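Residue-level structural notes
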Amino acid sequence: MKETGPAAETILAKQIRVRTRNRRGEGGKLRDEIIDAAAELLDETGDQHAITLRSVARRVGIATPSIYPHFPDPSAIMLAVVRQEFAALESALGAAAERVGDDPRGRLLAVCETYLDFAERHPRRYRTMFGGVWTPTPADSSLTESDLVGLGAPSLLILVEALEECVAAGVVAGDDVYCDATLLWVGLHGLAHQRVVSPAYPWPGNIHERVILPLARLNTARPGHTVVATQRTAR
């Protein structure tokens, strides 16, 4: 039998986990483990085709048939991953707004900066969320059109509410907050996506301000926000 070195053993251990059987009533735990395993595979490969029932089962340390009570096919697993990541984005945006407090301008900037930071920290998951890696096809899977409607809507709502607060406070002018927020999101998404797919491009350090400020109709960023954004870019 061929011996393996420490590096190969580490890779093998990562691919095949030794898993303790869940106790009765802990099926939800296994479901979460399946989702987390699929997310890890996406982080490593950036390829939706790497998410198969067999590969996920191997990563979790279970037999492939054990997945069926939770997910009928890989598309259902991918949908669960996307939903999980949108929930994480929504939580991050909401927490960022809450940390700022009652400053409408500061809340809007914090939400925008956190959105960009999320995409930078989870580039492959971000692309999966917005169709850059995974393109669902309901006709060829267990998914339905209703499964895909509204994905990410709560996150956009946080941006809408932050902009709406700025309009109410007289910080920015606008007569169609939803349209303005959508335009702002398109700008944020465009920058986030391009920084993910073009990491070698020499992005200007203040590119985030040049996107956020005019689209949000804000003239200048406060020093505290500039420092945060510059530190994030420098990481």
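The structure this text deals with has already been given above.
These lines cover the structure that appears in this document, whether it is placed above or below. If you're wondering where the values come from, they're calculated on a predicted model, not measured in any experiment.

Topic: helix H10 (residues 207-215)
Taken together, the buried positions of H10 are occupied by Ile207, His208, Glu209, Val211, Ile212 and Leu213. Of the residues one or two after H10, Arg217 is the one with positive phi, at around 65 degrees.

Quick notes on the side chain of Arg107
Looking at where Arg107 falls in the secondary structure, it is placed in helix H5 (residues 104-121). Within polar-contact distance, the side chain of Arg107 engages the backbone oxygen of Gly101 at 3.0 Å.

Things to note about the environment of His49
Considering the arrangement of structural elements, one finds His49 in the loop between helix H2 (27-45) and helix H3 (53-60). His49 gets classed as exposed once you look at its relative accessible area, which sits at 61%.

So, the side chain of Asp180
Along the chain, the position of Asp180 falls in helix H9 (residues 177-197). Among all residues touching Asp180, those that are not within four sequence positions of it are Leu163, Gly174 and Arg217.

Some thoughts on helix H4 (residues 74-100)
Here H4 is 27 residues long and its end C-alpha atoms lie 40 Å apart, about the 39 Å a rise of 1.5 Å per residue gives. Just downstream of H4, Gly101 is the residue with a positive phi angle, here 95 degrees.

Points about the pattern of salt bridges
Pairs may arise between side chains of opposite charge once their charged atoms sit close together. Scanning the model with the defined rule gives eight salt bridges in all. The closest approach of N and O atoms between Arg59 and Glu44, which form a salt bridge, is 2.9 Å. Pair noted here: Arg59 is in helix H3 and Glu44 is in helix H2, with a separation of 15 residues, a long-range link. A salt bridge links Arg107 to Glu165; its shortest N-O distance comes to 3.0 Å. You can see Arg107 sitting in helix H5 and its partner Glu165 sitting in helix H8 (residues 153-168), a full 58 residues away along the chain.

Remarks on the packing of aromatic side chains
Taken as a whole and assessed by the stated rule, the structure comprises five aromatic pairs. Between Tyr126 and Phe130 the ring centres are 4.8 Å apart and the planes differ by 45 degrees, which places this aromatic pair in the tilted class. Note on Phe130: relative accessible area 27%, which makes it partly exposed. Here a set of aromatic residues connected by ring pairs shows up, and it is made of Phe86, Tyr115, Tyr126, Phe130 and Trp185.

Calculation criteria
Residues numbered from 1 in each chain as written. Predicted model: local features only at pLDDT ≥ 70, side-chain atom pairs only at ≥ 80, totals over all residues. Heavy atoms only, no water. Buried < 20%, exposed > 50% of the residue type's maximum accessible area, 1.4 Å probe, protein only. Helix = DSSP H or I, 4+ residues; strand = E, 2+ residues; numbered from the N terminus. Polar contact = N/O pair within 3.5 Å; in protein donor to acceptor, adjacent residues only side chain to side chain. Contact = heavy atoms within 4.5 Å. Expected span 1.5 Å × (residues − 1). Salt bridge = Lys/Arg side-chain N within 4 Å of Asp/Glu carboxyl O. Phe/Tyr/Trp six-rings, centres within 6.5 Å; stacked < 30°, edge-to-face > 60°.

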